[in-house]
Structures are given as C-alpha cells and as structure tokens.
Amino acid sequence: DSGVTQTPKHLITATGQRVTLRCSPRSGDLSVYWYQQSLDQGLQFLIQYYNGEERAKGNILERFSAQQFPDLHSELNLSSLELGDSALYFCASSANVGTGEYEQYFGPGTRLTVT
Amino acid sequence: SQELEQSPQSLIVQEGKNLTINCTSSKTLYGLYWYKQKYGEGLIFLMMLQKGGEEKSHEKITAKLDEKKQQSSLHITASQPSHAGIYLCGAPRSISSGSARQLTFGSGTQLTVLP
C-alpha cells in the first residue's frame, strides 16, 4: 500500500458526460500528479499541483481540469467525455519540499470506461 | 522532448534465471525511477537513482544509473514468479529547481517468469 488513495476504483459512463476522480496523497506530501495510462499512449503526465497551486501541465486536454484543495486532496474533472478518454487514471504524490529528487508514490488508479 | 526506450519489450524466463532490463534516454537523465506494475493495477515504487554510477539494491533487484547518465539497468537475480509484471522506468524532464517533477515514462517491459 503506497498510502495514496483514489476513488472510485472503476467508473463507467456515457459519451458526453462529466466525471470527477478523487485523490488523497500520502500524509505530508505536498505535490500531487495526475497521469493517464492507455494502451496506445502509454503512461502520460497530465498535470501537477503543489500545495494548492498548479505547477506543471503536460498532455492535458482542455476538457479536463484539476484542482488541489487546502487539505491537499485533489480532484480531476473530465467533461464532454469521448470514447478515447477510456483509460486508467493515476494519481501520484511526493514530498517535494525543495530541489532534488523525491520518491513519487502512485495510487491504485481509477479505471474509466466511456461507452 | 525526452524519450525513454526500454528493452526488451517483453521477456520470458525460467524461474531461477537472472535477467536485465534496460532503459535508455534520448537526453541526460537527472534522475531515474523504476516501478513495477501488475496489469491494470497501480505502480509499485522500486527504486530511485540520482547520481551517475549510483547503484541500489532491494532484495533480489538491483538498479544502476550509468556514469554518463543516459541509461539505467534493472537486474533481477534468481527470478521468481512473484517478479512477474510490467517494469516501467520514468525520468524527470529537467533538473529545474522547485517542485515540478513530472515524469516521462518508457513503454514498459513485460516480464513473465515460468515456474
């Protein structure tokens, strides 16, 4: 158990709908990262938050948005869903209190199926 | 942009055999993470390497970052069925200070260990 929790574990929804994925980082970790894993694209970085502020953006679609709350949990919102959005969505967290490398721990993921 | 190439893409070994997985970067590595993933599940953190020439071991798994910091190898000694899974290497995009530490991942190596 990495200490990173994600809900829900599975999500099945229809095209055009909107969903929210939730992530709670490990205790004390200030950074939260969202990644998307699909068969054709592999594991790709979407967005990072650090202590409530957006810190980096990757290959995140405009239909997707995220935020990190004062208690450090994060939510990833996916709207106007398309079949191609079906994927595993992972949240990771790390301490990141300064320069250098910090271990990133991943949650169990949310499997999103868009029908 | 940085690309990570993993080789081999898949590997089938007999239990008890040693094996090596490689991760080669198109640019200098500022850190290198190794993860293990069971199909459809979360990523399990194995090791993080930072300095050229650094080598870390955990149980029967050893990872090394070469001196020139463009390649890392993961070596498993006396493989067991429990080692089966997908091994992923990930690297931060830069050495920039601050808290942006999104990872770029390789496409993974599928390891099967036959009993």
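The rules we used
- Residues numbered from 1 in each chain as written.
- Chains lettered and ligands numbered in written order.
- Predicted model: local features only at pLDDT ≥ 70, side-chain atom pairs only at ≥ 80, totals over all residues.
- Heavy atoms only, no water.
- Helix = DSSP H or I, 4+ residues; strand = E, 2+ residues; numbered from the N terminus.
- Buried < 20%, exposed > 50% of the residue type's maximum accessible area, 1.4 Å probe, protein only.
- Pairing = 2+ DSSP bridges.
- Axes fitted to C-alpha atoms, helices over the stretch in contact; angles between N-to-C directions.

The omega torsion across A:Thr7 and A:Pro8 is -10°, close enough to zero to call that bond cis. Following the sequence through the fold, A:Pro8 ends up in the loop between strand E1 (5–7) and strand E2 (10–13). Note the cis peptide between B:Ser7 and B:Pro8, where omega equals -5°. Among the secondary structure elements, B:Pro8 is positioned in the loop between strand E1 (4–7) and strand E2 (10–14). One non-glycine residue with positive phi stands out, namely A:Asn51, at about 50°. On the secondary structure map, A:Asn51 appears in the loop between strand E5 (42–50) and strand E6 (53–57). One non-glycine residue, A:Leu72, lies in positive phi territory at about 80°. Within the secondary structure, A:Leu72 is located in the loop between strand E7 (64–68) and strand E8 (74–78). A relative accessible area of 15% means that A:Leu72 is categorised as buried.

The next thing to look at is the sheet that holds E7(A). All names here are of chain A. Pairing is antiparallel across the open sheet formed by four strands, whose spatial order is E1-E3-E8-E7. Whereas interior strands pair on both sides, the edge strands pair on one side only; in this sheet they are E1 and E7. Each strand of the sheet is rotated relative to its neighbour by a mean of 15°, with strand direction disregarded.

Residues and elements named next belong to chain B. For strand E4 (residues 32–37), a buried count of six out of six residues is recorded, marking the element as mostly surrounded by other parts of the structure. Here E4 shows two buried faces, one formed by Leu32, Trp34 and Lys36 and the other by Tyr33, Tyr35 and Gln37. The sheet contact formed by E4 and strand E5 (residues 43–49) spans six bridges and is antiparallel. Along E5, the bridge assignment pairs Gln37 with Leu43. Once E4 ends, the chain turns through five residues before running back antiparallel as E5, passing Gly40 with a positive phi of about 75°. Examined bridge by bridge, E4 and strand E9 (residues 85–92) share five bridges and lie antiparallel to one another.

Residue and element names in this part refer to chain A. Counting buried positions over the eight residues of strand E9 (residues 87–94) gives eight, a clear majority of the element. Of the two faces of E9, both are covered, the one formed by Ala87, Tyr89, Cys91 and Ser93 as well as the one formed by Leu88, Phe90, Ala92 and Ser94. Sheet topology places strand E4 (residues 31–38) next to E9; seven bridges connect them, and they run antiparallel. Each bridged residue has a counterpart across the sheet, and for Tyr33 the counterpart in E9 is Ala92. Relative to strand E11 (residues 110–114), E9 is paired through three bridges, and the arrangement is antiparallel. Note on E11: the bridge partner recorded for Tyr89 is Thr110.

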